[in-house]
Amino acid sequence: MFESVDCHDFKGDGVIDLTSFASRASSGPSLIVKSFAALSLAAAMGFAEAQSSTDVLDVPARSSIQALRTAYVGVSAQGETLLAVGVRGAVLVSNDAGDNWRQITVPVSSDLATARLGSDGTAWILGHDAVVLRSDGRGENWTRLLDGSILLPHMLEYYAARAAQGDEAAERLVGDLEAAAEQSATPDTLAYPFFDIWMGEDGEGFLAGGFGLLLRTVDGGKTWEPWLERAENDRGMHLYGFAQTSDGTLYLVGEQGLVRRYDRAEGRFTSVESPYMGTYFGATAIGNRLSVFGLRGNAYVTADAGTSWQQVDLDVDATIIAVLSRGGDEIIFVTAAGQALYSRDGGLSVTDLPLPRVGDVLSAALVGKDAIALTRLNGVSVVPLARN
């Protein structure tokens, strides 16, 4: 016997409707890791375990006295509120700029990869198994919006309908999705991770993730439409991050030098010539300029919407995991080796910014203007910045 769940419904236009979805679990932390070289840091680090018969999407993660020492791979800050997410569903919140942390429960026990805190109190958690969680209370309470068991059948239906009309791209996507489902450790679940979310003030927004996963909303996340075929990404490159410059232009970056610019008139993301064919793990807006960054210390800045690029001379080999904006032209480059490099001219020049040695760093967020939150394999720390 199968328990019926009132899930997201497809409307006639192929949009996934979330308004009727009832959460299948109350709450509980989760397990996920965003790796820079692969989609599962957990497996690379030896954390992978045989999949149990219990669906991680149905069972909240356990509270643990070791929560502060768990591997965290995503962090976000807004004022004195900090949100960190990590392996095995670990979620921490601090309301005093990292002096004290509390473990928070969420409705799944999948791996979690990305945390986002908005200035209006809205917070998002993204993760493997296509998990999308939302909080309207600065991370204190969480509602599941999407997961891979909900998303997979609707995406198959969406693209199968288009394939039946002769859409070759849709036919290819149906094959890709069916193959992904067969390889998933959890039956009938899309295991693709989400890595970033962008929401505009008018309710339009996007979700991006592994293997070209891309969804669009026009109502603040109540409904979503698959957009995998609208990013000039036939090879299914992983999509890692969004950034919007001050002139309103939205960019998307990802694997193998992928840079895309959102063309609202055309209703798609279009290609921007990239100066680098390695992976970009993120992008940051510096006013009207855009900084993209990724593997082996590579970072570039464009001031003309990608017509030309200038490489930032960081003189480091470690992967750039974050470029943090302090306002104006002030930015800080943070590497996976725990290095920080400061620029007061938007990346034209940089100087070393001494940080306490904390080991390998997985993500970073600026706390005010004088401290950085760093996530690592054994927890989260907030370190002061030297004054420049």
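Residue numbers run consecutively from 1 along every chain, following the written order of its sequence. Local features are withheld for residues below a pLDDT of 70 in this predicted model, meaning they are given only at 70 or higher, and side-chain atom pairs are given and counted only at 80 or more; totals for whole chains, interfaces and linings count all residues. Side-chain calculation: all heavy atoms of the structure are included, whereas hydrogens and water are not.

Asks: It is not clear to me how the overall build of the protein chain should be interpreted in this structure. Could you clarify?
Replies: Each helix corresponds to a stretch of at least 4 residues labelled H or I by DSSP, and each strand to a stretch of at least 2 residues labelled E; elements are numbered beginning at the N terminus. Across its full length, the protein chain carries 3 helices and 29 strands. Buried residues are those whose accessible area, probed at 1.4 Å on protein chains only, stays under 20% of the maximum for their type, while exposed residues exceed 50% and partly exposed ones sit between those limits. When each of the 388 residues of the protein chain is scored for burial, the buried share is 57%. Should any heavy atoms of two residues lie within 4.5 Å, those residues are considered in contact. Here the contacts in the protein chain between residues at least 6 apart in sequence split such that 49% fall between residues at least 24 apart. Surface accessibility follows the Shrake-Rupley procedure with a 1.4 Å probe radius. Residue values consider only the protein chains on display as shielding. Carbon and sulfur atoms provide 46% of the accessible area of the protein chain, an area that totals close to 16,300 Å².

Asks: Looking at this model, I keep getting lost on the side chain of serine 363. Mind explaining?
Replies: With respect to the helices and strands, the residue serine 363 is situated in strand S27 (residues 363-367). Each polar contact in these results corresponds to two N or O atoms within 3.5 Å; when the atoms are within protein, one needs to be able to donate a hydrogen and the other to accept it, and residues that are neighboring in sequence are counted only if both atoms are side-chain atoms. A polar contact of 2.6 Å, which involves the side chain of serine 363, links it to the side chain of threonine 375. With sequence-adjacent residues up to four places away left out, serine 363 is seen in contact with Val73, Gly74, Val75, Ile321, Ala373, Leu374 and Thr375.

Asks: Help me understand the side chain of serine 76 in this model?
Replies: In this structure, serine 76 sits in strand S3 (residues 72-78). Serine 76 sits in the buried class, given a relative accessible area of 9%. Polar contacts involving the side chain of serine 76 include one to the main-chain amide nitrogen of leucine 117, which spans 3.0 Å. Those residues in contact with serine 76 that sit more than four places away from it in its chain are Thr81, Leu82, Leu83, Ala115, Arg116, Leu117 and Ala365.

Asks: Explain the sheet that holds S27 to me, please; I cannot follow it from the model alone.
Replies: Strand pairing in a sheet takes place through backbone hydrogen bonds and is either antiparallel or parallel in direction. The strand order S27-S28-S29 describes an open sheet built from 3 strands, whose pairing is antiparallel. What marks the edges here is a single partner per strand, and that holds for S27 and strand S29 (379-384). Taking the axes of each pair of neighbouring strands and ignoring which way they run, one obtains an average angle of 20 degrees across the sheet. Pairing between strands is defined by DSSP: at least two bridges between the two strands are required. Simply put, an axis is a line fit to the C-alpha atoms, just over the touching stretch for a helix, and the angle between two N-to-C directions goes from 0 to 180 degrees.

Asks: Is there a simple way to explain the nonpolar core in this structure?
Replies: Looking at soluble globular proteins, one finds that nonpolar side chains tend to be buried together. Put simply, a nonpolar core is a bunch of buried Ala, Val, Leu, Ile, Met, Phe, Trp, Tyr and Cys residues held in one set by side-chain atoms that sit within 4.5 Å of each other. In terms of nonpolar packing, the biggest core is built from 26 residues, with Tyr159, Leu190, Phe194 and Leu207 touching the most fellow members. Where this core is concerned, the elements lending two or more residues are strand S8 (123-127), strand S10 (143-146), helix H2 (148-163), helix H3 (168-183) and strand S11 (194-199). For leucine 190, the contacting residues outside a window of four places in its chain are Asp129, Ala130, Gly148, Ser149, Leu151, Leu152, Met155, Leu177, Ala180 and Leu213. One finds Leu355, Leu366, Val383 and Leu385 within the second-largest nonpolar core, a separate group that totals 17 residues.

Asks: Which parts of the structure should I look at to understand the environment of histidine 238?
Replies: Structurally, histidine 238 is set in the loop between strand S14 (223-226) and strand S15 (239-244). In the structure, histidine 238 is positioned 43 residues away from phenylalanine 195 in sequence and 9.0 Å away in space, judged by C-alpha atoms. Polar contacts involving the side chain of histidine 238 include one to the main-chain amide nitrogen of phenylalanine 211, which spans 2.9 Å.

Asks: How should the sheet that holds strand S6 (residues 102-103) be read in this particular structure?
Replies: Taken in spatial order, the 4 strands line up as S3-S4-S5-S6 in an open sheet, and their pairing is antiparallel. Taken across any chain shown, the strands that pair with only one partner, and hence form the sheet edges, are S3 and S6. With 4 bridges joining them, strand S4 (residues 81-86) and strand S5 (residues 91-94) adopt antiparallel strand pairing. Note that in S5 the partner of alanine 84 across the bridge is leucine 92.

Asks: Would you take a moment to explain the pattern of salt bridges for this structure?
Replies: Any Lys or Arg side-chain nitrogen found within 4 Å of a carboxyl oxygen on Asp or Glu counts as a salt bridge. One pass over the full model with this rule turns up 13 salt bridges. For aspartate 147, the salt bridge is made with arginine 144, and the minimal N-O distance between the two is 2.9 Å. Arginine 144 carries the same exposure label as aspartate 147, and that label is buried. Connected via shared salt-bridge partners are Arg172, Asp176 and Asp234.

Asks: Help me out: how do you make sense of the environment of glycine 121 in this one?
Replies: Here glycine 121 shows up in the loop between strand S7 (112-117) and S8. Take glycine 121: its relative accessible area is 5%, and that puts it in the buried class. Linking glycine 121 and glycine 137, residues 16 residues apart in sequence, is a C-alpha distance of 5.7 Å. Non-local contacts of glycine 121, meaning those with residues more than four positions away in its chain, are made with Ser135, Asp136, Gly137 and Arg138.

Asks: Would you mind showing me how to read the pairing of strand S20 (residues 289-294) here?
Replies: Walk down a regular strand and you will see the side chains alternate between the two sheet faces. For S20, the tally of buried residues reaches 6 of 6 residues, placing the bulk of the element in the interior. By the alternation rule, side chains of S20 split into Arg289, Ser291 and Phe293 and Leu290, Val292 and Gly294, which are all buried. Sheet topology places strand S19 (residues 280-286) next to S20; 6 bridges connect them, and they run antiparallel. Opposite threonine 284, over in S20, you have serine 291 as the bridge partner. Direction of pairing for S20 relative to strand S21 (residues 299-302): antiparallel, over a ladder of 4 bridges.

Asks: For this particular structure, what's the right way to read the confidence of the model for the protein chain?
Replies: Low-pLDDT stretches of the model should not have their predicted coordinates read in fine detail. Known as pLDDT, the predictor's confidence for each residue is given on a scale from 0 to 100. Residues with a pLDDT of 70 or more make up 86% of the protein chain, whose mean pLDDT is 86. Note that residues 1-14 has pLDDT below 50 and, in this model, 35 contacts with residues that lie over four places away or in other chains. Of the regions scoring below 50 in pLDDT, residues 18-53 engages in 129 contacts with residues more than four places distant in sequence or in other chains.

Asks: Please clarify how unusual backbone geometry should be interpreted in this entry.
Replies: What is expected of a backbone is that most residues other than glycine have negative phi and most peptide bonds are trans. Unlike most non-glycine residues, alanine 97 shows phi in positive territory, near 60 degrees. Looking at where alanine 97 falls in the secondary structure, it is placed in the loop between S5 and S6.

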